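Residue-level listing of the chains:
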Number of protein chains: 2
Amino acid sequence: MNTSAGLPAPTKIDGLPLGRPHDRSSDALILSTTVDLLAERAYERVTMDEVAARTGKAKTTLYRRWATKDDLVIAAIRSAGHPPEIDHLPDRGSLRLDLLAVVDSPWLGGATRRISILRTLISAARSSEELADVVRAEITEPYIEIYRRLFDRAIDSGEIPRELAARVPVLADVLPAMSAHRLSFSREPVERDFFVSVIDDVILAALGHSPR
Amino acid sequence: MNTSAGLPAPTKIDGLPLGRPHDRSSDALILSTTVDLLAERAYERVTMDEVAARTGKAKTTLYRRWATKDDLVIAAIRSAGHPPEIDHLPDRGSLRLDLLAVVDSPWLGGATRRISILRTLISAARSSEELADVVRAEITEPYIEIYRRLFDRAIDSGEIPRELAARVPVLADVLPAMSAHRLSFSREPVERDFFVSVIDDVILAALGHSPR
């Protein structure tokens, strides 16, 4: 051992300072508080100061674990997990009800809070390529995959005619693309009606459902 | 007059230094060169230095007229005008041919160059709210208006059944939203096939055209 050779005792293991063991419950509180802030305010007003104040942690504690605000936010996105529908595809008896189940998912506190968080993240992704990559990998791509699987299943069950299968890849992009565009280009609040219109007037219409 | 009252002769009029009269043809060259650069390279590599070098102008000349790169780029976007289809709606005999005419427009040098410019502008709009506003007002909103008018005209001519009119507002957003999403989220080149698929598999499909 190095210490037996008269070298100084280690003060770090794997780059972490020795001391109190790393507190995972404290991490969880900090990350969920960060998500709360993303739901409440514009990205420039989501600050390490505010996270420290709300959690009662020292700013040095935060900075020891996450070097920048973007790092903290990336960790918060990852801690929020994927949309749960990727593991449990909704199965409510029709493609329309399944698509509405995704829109009305309780994930991230339900539609209103989730839309607020996504709007903040889309704006934050503008200033950080790394954050944009995490949003794409953790949120956008899982949603595209959920829609693709719902369309494929509706074709397999016969709800959608198999001859429309060629439309599935581009249709799986429609809700993520139109939501992102609305959230980044419009200053108006984005209401549930918007998603319902995209589902009825674009997606189901393109899959041959009768006019609503 | 102030000068007759013994005050110093003016050295500026309306904040512009006196000197050679303002050279409009020089402006046009600088702005079209800026558009060339937007077509060729990522936004961070579009520089005042490069515009000065290519046009043979002094950097001070550029900075006297446009205080920042963003200002120069905003002027370049405005100088490029609106998509010409807003003044002359294509009329090729079917909605599909009219939509393809917009995709294949010669505006900004044709589809390939225009897509490159738009990709650079979408990325630039991330770092400047003012630039984002100009892109929205000069490019995105005119395109939404062009598509809306093409759909309305197809309803008036009977090509699209009038009972589908409720779908027009959201369908007019589809091409701009899906193009912007593809250009900002995907690193792949965006080919004409992508636009054709959005037209056939989403828009015309949602308007009741038979499967391609």
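In the nomenclature of an unreviewed UniProt entry, chain A corresponds to TetR/AcrR family transcriptional regulator from the organism Subtercola vilae.

With that settled, the discussion passes to the overall build of chain A. From N to C terminus, chain A includes 10 helices and two strands. Secondary structure elements of chain A, listed N to C terminal, follow the sequence β-β-α-α-α-α-α-α-α-α-α-α. Classification of the 212 residues of chain A by burial places 47% in the buried group. Within chain A, contacts between residues separated by at least 24 positions form 64% of all contacts whose residues are at least 6 apart in sequence. Of the roughly 10800 Å² that chain A leaves accessible, carbon and sulfur atoms contribute 52%.

Contact residues are listed per partner, giving 32 residues for chain A and 32 residues for chain B. If you sort the residues of chain A by the area they bury against chain B, Arg126, Arg167 and Phe185 of chain A come out on top, with a joint share of 22%. Our count for the contact surface shared by chain A and chain B stands at four salt bridges. For arginine 126 of chain B, the salt bridge identified is with glutamate 129 of chain A, shortest N-O distance 3.7 Å. Viewed at the interface, chain B and chain A are joined by two residue pairs in polar contact (both at pLDDT 80 or more). Of all elements in the fold, only α7 (129-156), α8 (168-172), α9 (174-185) and α10 (192-206) of chain A reach the threshold of two or more residues within the side of chain A that touches chain B. Class assignment of the residues belonging to the side of chain A that touches chain B gives a composition of 15 nonpolar, six polar and 11 charged.

Right, let's talk about the packing of aromatic side chains for a bit. All names here are of chain A. Counted according to the given criterion, the structure contains six aromatic pairs over all chains. Feature note: the residues Trp107, Tyr143 and Tyr147 constitute an aromatic cluster, connected by ring pairs. Over the aromatic face of tyrosine 43 sits the side chain of lysine 69, whose NZ or CZ is 4.1 Å from the ring centroid.

Tracing the chain through its elements places glutamate 138 of chain A in helix α7. The residues contacting glutamate 138 of chain A, other than those within four sequence positions of it, are Ile77, Arg78, Gly81, His82 and Pro83 of chain A.

A word on the relation of the copies chain A and chain B. Its rotation angle being 180 degrees, the transformation that places chain A on chain B also includes 0.0 Å of axial translation and leaves an RMSD of 0.0 Å. The superposition of one copy onto the other is thereby described by a two-fold rotation axis. Scanning chain A for the C-alpha nearest the rotation axis identifies alanine 206 of chain A, at a separation of 1.9 Å. Interface overlap between copies is the fraction of interface residues in one copy that are interface residues in the other; for chain A against chain B it reaches 100%, indicating a shared surface.

Residues and elements named next belong to chain A. Along the chain, aspartate 200 turns up in helix α10. Its relative accessible area of 9% is what places aspartate 200 among the buried residues. Between the C-alpha atom of aspartate 200 and that of leucine 99, which follows or precedes it by 101 residues, the distance is 10.0 Å.

Residue and element names in this part refer to chain A. Positionally, tyrosine 143 belongs in helix α7. Sequence separation between tyrosine 143 and alanine 172 is 29 residues; the distance between their C-alpha atoms is 8.4 Å. The contacts of tyrosine 143, once residues within four sequence positions are left out, are Pro83, Val102, Trp107, Arg114 and Pro176.

Here we come to the packing of α10 of chain A against helix α10 (residues 192-206) of chain B. Viewed as axis vectors pointing N to C, α10 of chain A and α10 of chain B meet at an angle of 115 degrees, and their least axial separation amounts to 8 Å. As summarised for this structure, α10 of chain A and α10 of chain B are arranged roughly perpendicular, according to the angle between their axes. Judged by the sense of rotation from one axis to the other, the crossing of α10 of chain A with α10 of chain B is right-handed. In contact with Asp201, Val202, Ala205 and Ala206 of chain A of α10 of chain A, α10 of chain B contributes Asp201, Val202, Ala205 and Ala206 of chain B. Within the contact of α10 of chain A with α10 of chain B, the residues separate by chemical class into six nonpolar, no polar and two charged.

So, how was this worked out
Residues numbered from 1 in each chain as written. Chains lettered and ligands numbered in written order. Predicted model: local features only at pLDDT ≥ 70, side-chain atom pairs only at ≥ 80, totals over all residues. Heavy atoms only, no water. Helix = DSSP H or I, 4+ residues; strand = E, 2+ residues; numbered from the N terminus. Buried < 20%, exposed > 50% of the residue type's maximum accessible area, 1.4 Å probe, protein only. Contact = heavy atoms within 4.5 Å. Areas by Shrake-Rupley, 256 points an atom, 1.4 Å probe, with all protein chains shown as cover. Buried area = accessible area lost by both parts, 1.4 Å probe. Salt bridge = Lys/Arg side-chain N within 4 Å of Asp/Glu carboxyl O. Polar contact = N/O pair within 3.5 Å; in protein donor to acceptor, adjacent residues only side chain to side chain. Nonpolar A, V, L, I, M, F, W, Y, C, P; charged D, E, K, R; others polar. Phe/Tyr/Trp six-rings, centres within 6.5 Å; stacked < 30°, edge-to-face > 60°. Lys NZ or Arg CZ within 6 Å of the ring centre and 35° of its normal. Least-squares fit on C-alpha atoms with pLDDT ≥ 70 in both. Axes fitted to C-alpha atoms, helices over the stretch in contact; angles between N-to-C directions. Parallel < 35°, antiparallel > 145°, perpendicular 65-115°, else oblique. Left-handed = near helix turned anticlockwise from the far one by under 90°.

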